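Analysis of the macromolecular model
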Amino acid sequence: MSSEEILREIAAEVSVCTKCGLCKGRTKAVPGEGPPNARILFIGEGPGYHEDKQGRPFVGPAGQFLDELLQSINLKRSDVFITNVVKCRPPDNRDPLPEEINACNDYLDRQIAAIKPLVIVTLGRYSMAKFFGTAKISAIHGKAQKKDGYICMAMYHPAAGLHQASLKETIRQDFKKLPVVLAEAERLAAEGKLGAASAPAARPQDEPPQQLSLF
């Protein structure tokens with residue numbers, strides 16, 4: 001199956017998924033969207049009110065800020081793939097629970113494997129935890145690290161910038177690093193140093209990701 005077919009299959013499964021209790025309150029599931037060969041994959045936390053109504057990720061105020069951030073580095077939404085760690089809206093926009101994240105984890109892993117992005121950007125602490133464990137976002141935001149064969153970069157969720165003015169400029173500055181990170185990822189990929197084949201076969205769970213000396 002092609003990447004496009006795999007992503008379509010995942011989206012179809014997500015749309016009727018009953019693996020956790022979030023399915024009971026959803027209007028529409030939000031599997032994610034973007035080109036199947038996207039170089040950058042953004043992973044947020046979960047759909048909100050507007051996303052639940054439209055079945056699309058990041059279409060509310062945080063999504064408008066994300067569009068602005070992409071435009072600031074000459075990218076469009078259609079250039080990147082955007083998804084979340086949970087595909088259905090948590091009630092009242094509460095944080096996703098561990099069992100809900102676990103229920104959706106297979107979908108996310110399959111999306112990553114199908115897209116094979118060069119750079120994975122986590123937006124917020126729940127998607128960050130998938131790649132960076134118990135690290136604090138205040139300590140690692142905006143830093144590119146090699147993890148499991150991908151270049152991963154943790155960022156604050158765009159919604160945080162809407163709630164805290166001080167974080168808005170931090171998020172903007174972190175985004176400005178993305179073109180450099182992408183260029184470095186392309187170089188490593190050309191040398192065969194990125195992708196699942198380049199990941200350590202059995203790295204201990206608590207071993208830290210490899211920090212890239214980009215900045």
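A brief structural summary.

Definitions and cut-offs
- Residues numbered from 1 in each chain as written.
- Predicted model: local features only at pLDDT ≥ 70, side-chain atom pairs only at ≥ 80, totals over all residues.
- Heavy atoms only, no water.
- Helix = DSSP H or I, 4+ residues; strand = E, 2+ residues; numbered from the N terminus.
- Rg over C-alpha atoms; globule rule 2.2 N^0.38 Å.
- Buried < 20%, exposed > 50% of the residue type's maximum accessible area, 1.4 Å probe, protein only.
- Contact = heavy atoms within 4.5 Å.
- Areas by Shrake-Rupley, 256 points an atom, 1.4 Å probe, with all protein chains shown as cover.
- Lys, Arg positive; Asp, Glu negative; His and termini not counted.
- Charge placed at Lys NZ, Arg CZ, Asp CG, Glu CD.
- Phe/Tyr/Trp six-rings, centres within 6.5 Å; stacked < 30°, edge-to-face > 60°.
- Lys NZ or Arg CZ within 6 Å of the ring centre and 35° of its normal.
- Expected span 1.5 Å × (residues − 1).
- Arc of directions from axis to C-beta.
- Axes fitted to C-alpha atoms, helices over the stretch in contact; angles between N-to-C directions.
- Parallel < 35°, antiparallel > 145°, perpendicular 65-115°, else oblique.
- Left-handed = near helix turned anticlockwise from the far one by under 90°.
- Nonpolar A, V, L, I, M, F, W, Y, C, P; charged D, E, K, R; others polar.

1. Quick look at the overall build of the protein
- Along the protein, the regular secondary structure elements total nine helices and six strands.
- At 16 Å, the protein has a C-alpha radius of gyration in line with the 17 Å of a compact globule built from 215 residues.
- Of all 215 residues assigned to the protein, the portion counted as buried reaches 48%.
- Pairs at least 24 residues apart make up 72% of the contacts formed inside the protein by residues separated by at least 6 positions.
- In the structure as shown, the protein presents an accessible area of about 10,500 Å², 51% of it carried by carbon and sulfur atoms.
- Charged side chains of the protein number 28 positive and 25 negative; the gap between the two group centres comes to 2 Å.

2. Quick look at the packing of aromatic side chains
- Across all of its chains, the model carries one aromatic pair by this definition.
- Stacked on the ring of tyrosine 107, the Lys or Arg lysine 19 has its end atom at 4.3 Å from the ring centre.
- Lying across the ring of phenylalanine 131, lysine 130 places its NZ or CZ 5.9 Å from the centre.

3. As for helix H1 (residues 3-15)
- Here H1 is 13 residues long and its end C-alpha atoms lie 18 Å apart, about the 18 Å a rise of 1.5 Å per residue gives.
- Of all the residues in H1, the buried ones are Leu7, Ile10 and Val14. Viewed along the axis of H1, the buried residues span an arc of 60°, placing them on a single side of the element.
- Packing partners of the buried residues in H1 comprise strand S2 (81-84) and helix H4 (98-115).

4. A few points about the environment of proline 96
- Within the fold, proline 96 resides in the loop between S2 and H4.
- Proline 96 gets classed as buried once you look at its relative accessible area, which sits at 7%.
- Placed 74 residues apart in sequence, proline 96 and leucine 22 show a C-alpha to C-alpha distance of 9.3 Å.
- Ignoring anything within four residues of it in the chain, the contact list for proline 96 reads Glu45, Val86, Pro90, Ile101 and Tyr126.

5. What to know about the packing of H1 against H4
- Contact pair H1 / H4: the axes reach a minimum separation of 9 Å and the direction vectors enclose 165°. As judged from the angle between their axes, H1 and H4 are roughly antiparallel. Once H1 is placed against H4, the crossing between them reads as left-handed. On the side of H1, the interface is formed by Ser3, Ile6, Leu7, Glu9, Ile10, Glu13 and Val14, while H4 contributes Tyr107, Arg110, Gln111, Ala114 and Ile115.
- By residue class, the composition of the contact of H1 with H4 is seven nonpolar, two polar and three charged.

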